[in-house]
Structure formats: structure tokens, C-alpha cells
Amino acid sequence: MLEPEVLVLDEPVSALDVSIQSSVLNLLIDLQERMQLAYLFISHDLSVVRHVADDVTVMYLGRAVETGPKDMIFDNPQHPYTKALLSATPRADPEASKERIKLQGELPSPLAVPPGCAFAPRCWKAQDKCRAARPLLDGATQKSACFFPEGDGKPSAEAPAG
Ligand code: SF4
């Protein structure tokens, strides 16, 4: 317990004032380097994720929809949900805020996950295939679970039925 290799940090700074957040995050990064720790860092705050993460996994209704190195995820999101999340983060450039993607509908209950791609009811790119089959996390270094990914993303294979 005194010399852990992995720490799970679930929203460790979400309740803190911004100035204290920054001190705590810098302390965590310093500890990580000195003690060679691995962190599983869970957060809804993308600016915090960008500050501390090496690799990022984006979750939607309990499933990973995109994963890969931080810079690839932030600079070239391939899953529409990742793209929508990133479009909602505050930016210094006032023109950039015009590109914000507003998702339709409400977040479904995790107890009633939609069939096929769980994001389909809120996705502006959804097609019949998305409602009929579940996309698998697919790709090389950066992986996304989408039949019609953004940019140069690789279309996912379908999960086996059942
Ligand atoms: S599989 Fe279809 S519904 Fe799901 S994220 Fe991709 S385009 Fe949207």
C-alpha cells in the first residue's frame, strides 16, 4: 500500500477551486514522475484530462467509444461523440465557439441502452446500420467504435449478434 504502482483517481479535483485544482494536478504529476506511478484518471473535465493524460479513453453509457494517445484524440477525434464533447470545451477564440455541436435528445438511462450503436439516437450521422448493429472499437493506434467515423478514421467492424 505504501509503494503502489497504479492509482485510480475518480474525479480527484472536480470539487476544488480552479487555483487549487492546478496545484493538486501539478502535485500528482510530480508524484507520478518521482514514484513511477501509473494513474487511471477519471474525469468529465476535458481541460483536466488534457493536462494530465498520456492516453485517453472516451466512454458513453459505460462503453469505450474512442481510445488512443491524447494528442490524437484531441486533435483528430474520430467518434462523433468525442467530436461533440470537444466542441463544447471553452476556447480562447470566440469564433471557435460557433462550431459547437449540440446533441439531440437526452442521455438515455444506462439501464436501457439503445440497441445497435448506443449513441445513434443522438448522433447526427446515424443511419439504419447504426441502429441494427453495434460497432466494435477498431483501428490501429487510435481506435473508435463507429461505422461512419470522422476524418481518416477506420470504419468499425460489427459486434457479433446476441
Ligand atoms: S456508428 Fe453511426 S450512430 Fe454510432 S457514432 Fe457512428 S455514425 Fe453515429
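Since this is a predicted model, take the numbers as computed values, not measurements.

Here the focus is helix α1 (residues 18–35). Between its first and last C-alpha atoms α1 spans 26 Å; for 18 residues at 1.5 Å apiece the expected length is 26 Å, and the two agree. Looking at α1, one finds that the buried residues are Q21, L25, L28 and Q32. Each buried residue of α1 lies within a common arc of 60° when the element is viewed along its axis, so the set occupies one face. In α1, the exposed residues that point more than 90 degrees away from the buried face are E33 and R34. The positive-phi residue at the C-terminal boundary of α1 is Q36, with phi of around 55°.

A separate point is the pairing of strand β4 (residues 63–69). Looking at chain direction, strand β3 (residues 55–60) and β4 are connected through six bridges and run antiparallel. Across the sheet, V58 pairs through a bridge with E66, a residue of β4. Counted between consecutive antiparallel strands, the loop separating β3 from β4 contains two residues, among which L61 sits at a positive phi close to 50°.

This part takes up the sheet that holds β3. With respect to topology, four strands assemble into an open sheet ordered β3-β4-β6-β5, the strand pairing being antiparallel. Since the sheet does not close on itself, it has two edges, and those belong to β3 and β5 (138–139), each with one partner.

The buried fraction of helix α4 (residues 80–87) amounts to six of the eight residues, a majority that puts the element mostly inside the structure. For α4, the full list of buried residues reads P80, Y81, T82, A84, L86 and S87. Next to the buried residues of α4 lie α2 (46–52), β3, β4 and α3 (70–75).

Our next topic: the environment of W124. The residue W124 is located in the loop between α4 and α5 (128–132) in this model. When the C-alpha positions of W124 and P114 are compared, they lie 16 Å apart, and in sequence the two are 10 residues distant.

All right, on to a nonpolar patch on the surface then. Side chains of V6, V8, L40 and I42 sit close together on the surface and give an oily, nonpolar patch of about 360 Å² of accessible area. Mapped by element, the contributors of at least two residues to the nonpolar patch are β1 (6–10) and β2 (38–42). Summarising the element assignment, I42 is placed in strand β2. Residue I42 is classed as partly exposed on the basis of its relative accessible area, which comes to 35%.

The rules we used
Residues numbered from 1 in each chain as written. Predicted model: local features only at pLDDT ≥ 70, side-chain atom pairs only at ≥ 80, totals over all residues. Heavy atoms only, no water. Helix = DSSP H or I, 4+ residues; strand = E, 2+ residues; numbered from the N terminus. Expected span 1.5 Å × (residues − 1). Buried < 20%, exposed > 50% of the residue type's maximum accessible area, 1.4 Å probe, protein only. Arc of directions from axis to C-beta. Pairing = 2+ DSSP bridges. Contact = heavy atoms within 4.5 Å. Patch = residues over 30% accessible without salt bridge, like charges linked within 9 Å, V, L, I, M, F, W, Y side chains within 5 Å. Areas by Shrake-Rupley, 256 points an atom, 1.4 Å probe, with all protein chains shown as cover. Salt bridge = Lys/Arg side-chain N within 4 Å of Asp/Glu carboxyl O.

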